[in-house]
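Geometric and topological summary
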Amino acid sequence: MSQEETSAPGNFIRDAIEEDLRNGRFTEVHTRFPPEPNGYLHIGHAKALTIDFGMAETFGGKCNLRFDDTNPVKEDVEFVDAIKEDIHWLGFDWDDREYYASDYFGQLYEFAVRLIKKGRAYVDDLSADQIREYRGTLTEPGKDSPWRNRSVEENLALFERMKKGEFPEGACVLRAKIDMASPNINMRDPVMYRIIHNPLHHRTGSTWCIYPMYDFAHGQSDSIEGITHSLCDLAYEDHRPLYEWFIKELEIFPTRQIEFARLNLTYTILSKRYLKQLVDHGHVRGWDDPRMPTLCGMRRRGFSASAVRNFITQIGVAKNENLIDIALLEFLVREDLNKTALRVMGVLNPVKVVITNYPEGQTEFLEAVNNPEDPSAGTRPVEFSRELFIDQDDFREEPPPKYFRLAPGKEVRLRYGYIIKCVDYIKDPHTGEVTEIHCTYDPETRGGYAPDGRKVQGTIHWVSAGSAIDAEIRMYDRLFSVPDPNKPEEGKTYLDYLNPDSLTVLQHCKLEAGLENAKPGTRYQFERKGFFTVDLDSTPAKPVFNLTVPLRDSWAKIESGQKAGK
RNA sequence: UGGGGGAUCGUCCAACGGCAGGACACAUGGCUCUGAACCAUGGUAUCGGGGUUCGAAUCCCUGUCCCCCAGCCA
């Protein structure tokens, strides 16, 4: 935790836990974070895991990490290590309490046998389609399976044979015998176990060919671990009666399940399935593409863990459906990096400036502040010479009103440099592009000061052409062009809203010398432009930076206002 | 015409019968060698209708709207 984190206001889960402690329902708090190892963690998981680990922390309890690995068809070890890395990155730890639902397969099997013996579970030979038909609909009750009343002995024998692998996939399942007419569909004899011969489980291999369903694994695992509070998505609210039914019938530790609303973020999607599609179909470069809302993507983009943590505490916890403005996340990233990132000058779209009255071949070093928010960051020398690069956007042939930057006949301050005046410029006759700007400098203004007290409104960034390094800069924008791609219009899908300009790669950007050796993950502020982070692909020979988040640009607002006003 | 859940500024969250508050966003102004940061100011909210009460976002009744559930996924 690099800095003070904004403290979270109370929420209904904290209230509920306090009440449980007060009235003696529980004497301690023990939670768990239960990811399924079938994909990478995203910002939505960050919310869940912050609640899980955070609640334990605020009540002096523990939080287990438990992989919910009950479906070998979807899961893989590939994801286990990545998930652990992401949790650690956020700053949470589970000590030695790393568990797997698959650790409990033996115990779960015993639980199932217990229910069969109680006459509360049976083996059903109906096909998946038939089970669906028999289940009824939202408004009509279901009907009993013809296999519902097999004897305990027969069920025991059949379940044993399922376990031994005597049946093909789909031949039968184990079901809880509850109530096919329940208004809650989850109580209509839910499937507890199904047969899966292939693929083999990533941890238990060929030991099992029957696997428990979520409803017969998650809650039971909670009980086995002595979890007091099982905090989960609103989607499981309907499952709570079933969760509690199993606890009662099995007479096991009575964990309390409490549900909260999942996070939704504007201009992105937080569905593992959709995220996987973006990766598989090549819409992004991978799970850690900096445009992805995955934790590894955000990390690569340059978002700091403390900014993400602050974000989670700021959005709060409630049961309302929500759609958080991504501007809040961006604000918190800026807030954090503003305090910590070293400042540097980088020219994204270079145009050459020649200081005509500056001696050819001469160079000098000027002192630049590394971080005005942090005096201890010190200063650095930056090279100045006759030929410089500035950003194309900082020069206009015909400056609009209130334009404070360089234009014919106008003065501007080079940050930490000199005040210069544009005396001429050269245009490519074919493209009309300005290729070179000629200026004179005022030697009396070294360091950017105006000893005569004259007002120079604009200050722009620059780099010395002789020493500047070339870099690739990847400019990122929102992945989707609409606030809520989850709610497509008729006939469209979220893919129809992908922002075609979410990535713009800039080559031959000019940066201050020295930056070629910056290590991947290092964050800088390119003055007046934004925060940039050295990408994983970066090498000294070919430096690569990611735009983490741009600086606020009030000039852009003024200018667009001017255009709109016409 | 089943069951479960939810409605408070544009967006999130708070207020737990006692002055509806905070953050982001937006707007305006200040400051400025980053048009950044920072500072100041401003506008906008209790879903509707009844009731209880000295007093209701909060309690009761009623209506409306929104979300979730019919995987051998989690």
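Residues numbered from 1 in each chain as written. Chains lettered and ligands numbered in written order. Predicted model: local features only at pLDDT ≥ 70, side-chain atom pairs only at ≥ 80, totals over all residues. Heavy atoms only, no water.

Some words on the overall build of chain A
Helix and strand counts for chain A stand at 13 helices and 25 strands. A globule of 566 residues ought to have a C-alpha radius of gyration of about 24 Å, yet chain A, at 31 Å, is considerably larger. Along the longest, intermediate and shortest principal axes, the C-alpha atoms of chain A span 100 × 55 × 45 Å. Looking at chain A residue by residue over its 566 residues, the buried ones come to 53%. Considering only contacts in chain A between residues 6 or more positions apart, those separated by 24 or more positions represent 71%. (Helix = DSSP H or I, 4+ residues; strand = E, 2+ residues; numbered from the N terminus. Rg over C-alpha atoms; globule rule 2.2 N^0.38 Å. Buried < 20%, exposed > 50% of the residue type's maximum accessible area, 1.4 Å probe, protein only. Contact = heavy atoms within 4.5 Å.)

With respect to the protein's contact with RNA strand B
Residues in contact with RNA strand B amount to 70 residues; listed here are only the nearest, Arg-343, Arg-405, Gly-447, Gln-525 and Arg-552. Expressed as a percentage, the sugar and phosphate content of the atoms of RNA strand B within 4 Å of the protein is 66%. The side chain of Thr-70 places a nitrogen or oxygen atom 2.7 Å from a phosphate oxygen of RNA strand B. Counting only elements with at least two residues in the surface near RNA strand B, the list comes to helix 5 (128-135), strand 6 (191-195), helix 11 (305-315), helix 12 (326-340) and helix 13 (554-565). (Near = heavy atom within 4 Å. Polar contact = N/O pair within 3.5 Å; in protein donor to acceptor, adjacent residues only side chain to side chain.)

Concerning unusual backbone geometry
Across the junction of Asn-198 and Pro-199, the peptide omega takes the value -5°, indicating a cis bond. Following the sequence through the fold, Pro-199 ends up in the loop between strand 6 and strand 7 (210-212). Non-glycine residue Tyr-416 carries a positive phi angle of around 60°. Tracing the chain through its elements places Tyr-416 in the loop between strand 16 (411-414) and strand 17 (419-427). Of note, the phi angle at Arg-528 is positive, near 70°, even though the residue is not glycine. Assignment of secondary structure puts Arg-528 in the loop between strand 23 (523-526) and strand 24 (530-534).

A word on the sheet that holds strand 7
Pairing is antiparallel across the open sheet formed by 4 strands, whose spatial order is 4-5-6-7. Two strands in the sheet have a free side with no partner beyond their single neighbour: strand 4 (121-124) and strand 7. The mean inter-strand angle of the sheet, taken between neighbouring strand axes irrespective of direction, is 20°. When strand 5 (residues 173-176) meets strand 6, the two strands line up antiparallel, connected through 2 bridges. Its bridge partner lying in strand 6, Arg-175 is registered against Val-191. Along the sheet face, helix 4 (residues 105-117) touches strand 4, strand 5, strand 6 and strand 7 and points at about 120° away from the line of strand 6. The strands that helix 6 (residues 152-164) touches are strand 4, strand 5, strand 6 and strand 7; relative to strand 4, the one it contacts most, it runs at about 60°. (Pairing = 2+ DSSP bridges. Axes fitted to C-alpha atoms, helices over the stretch in contact; angles between N-to-C directions.)

Details of the sheet that holds strand 16
Read across the sheet, 7 strands follow the order 19-16-17-18-12-15-20 without closing on themselves; strand pairing throughout is mixed. Single-partner strands in this sheet number two, and they are strand 19 (459-460) and strand 20 (463-464). Here strand 12 (residues 350-355) runs beside strand 15 (residues 387-391); their pairing, made up of 5 bridges, is antiparallel. Of the residues in strand 15, the one forming a bridge with Val-354 is Glu-387.

So, the pairing of strand 13 (residues 363-369)
Burial of the side chains of strand 13 is restricted to one face: Glu-364, Leu-366 and Ala-368 are buried, whereas none of Thr-363, Phe-365, Glu-367 and Val-369 on the reverse face is. For strand 13 and strand 14 (residues 379-385), the ladder comprises 7 bridges, and the chain directions are antiparallel. For Leu-366, the partnering residue across the bridge sits in strand 14 and is Val-382.

Focus on the environment of Glu-140
As for its position among the elements, Glu-140 is in the loop between helix 5 and helix 6. Each C-alpha atom, one on Glu-140 and one on Ala-181, is 8.1 Å from the other, the two residues being 41 residues apart in sequence.

As for the pattern of salt bridges
A side chain of one charge can pair with a side chain of the opposite charge when the charged atoms of the two come close. This structure, assessed with the given rule, holds 50 salt bridges. Between Asp-288 and Arg-300 there is a salt bridge whose closest N-O contact spans 3.1 Å. Linking Asp-288 in the loop between helix 9 (272-280) and helix 10 (295-301) with Arg-300 in helix 10, this pair joins segments that are 12 residues apart in sequence. A salt bridge links Arg-300 to Asp-535, with the nearest nitrogen and oxygen atoms 2.8 Å apart. Highlighted residues: Arg-300 in helix 10 and Asp-535 in the loop between strand 24 and strand 25 (544-550), separated in sequence by 235 residues. Comparing Arg-300 with Asp-535, the two get one shared label, buried. When salt bridges that share partners are traced, they join Asp-288, Arg-300, Glu-472, Arg-474, Asp-535, Asp-537 and Lys-542 into one network. (Salt bridge = Lys/Arg side-chain N within 4 Å of Asp/Glu carboxyl O.)

Some points on the packing of aromatic side chains
The final tally for this structure, using the stated rule, is 26 aromatic pairs. Seen from their ring centres, Phe-159 and Tyr-193 are 5.3 Å apart, and the 65° between their planes marks the pair as edge-to-face. Of this pair, Phe-159 sits in helix 6 while Tyr-193 is found in strand 6, placing the two residues 34 residues apart along the sequence. The same class applies to Phe-159 and to Tyr-193, which are both buried. Taking 5.4 Å as the distance between ring centres and 75° as the angle between the ring planes, the aromatic pair formed by Phe-384 and Trp-462 counts as edge-to-face. Residue Phe-384 is found in strand 14, and its partner Trp-462 is found in the loop between strand 19 and strand 20; the two are separated by 78 residues along the sequence. Trp-462 carries the same exposure label as Phe-384, and that label is buried. In this structure an aromatic cluster arises from ring pairing among Phe-105, Tyr-109, Phe-159, Tyr-193, Trp-208, Tyr-211, Phe-216, Trp-245 and Phe-246. (Phe/Tyr/Trp six-rings, centres within 6.5 Å; stacked < 30°, edge-to-face > 60°.)

Some details on the domain arrangement of chain A
Split by domain assignment, chain A resolves into domain 1 (3-260) and domain 2 (342-476 + 507-565). In this structure, domain 1 and domain 2 have C-alpha centres spaced 57 Å apart. (Domains from an automatic or database assignment.)

Comments concerning the nonpolar core
Residues Ile-13, Ile-43, Ile-87, Leu-278 and Phe-311 are the most contacted members of the largest nonpolar core, which totals 66 residues. Ranked by the residues each element gives to this core, the list is headed by helix 2 (residues 43-58), at 8 residues. Non-local contacts of Ile-43, meaning those with residues more than four positions away in its chain, are made with Leu-263, Leu-265, Leu-270, Pro-293, Leu-295, Met-298, Val-308, Phe-311 and Ile-312. With 37 residues, the next largest nonpolar core counts Leu-108, Ile-178, Leu-250 and Ile-252 among its residues. (Core = buried A, V, L, I, M, F, W, Y, C linked by side-chain atoms within 4.5 Å.)

Topic: the confidence of the model for chain A
Detailed conclusions should not be drawn from predicted coordinates in areas where pLDDT is low. Per-residue confidence for chain A gives a mean pLDDT of 96, with 98% of residues at or over 70. Here residues 1-6 is modelled with pLDDT under 50, and outside its nearest four sequence neighbours on either side it reaches 14 contacts, counting other chains as well. The ipTM, which scores confidence in the relative placement of chains, is 0.96 for this predicted complex, and the corresponding pTM is 0.96. (pLDDT = per-residue confidence, 0-100.)

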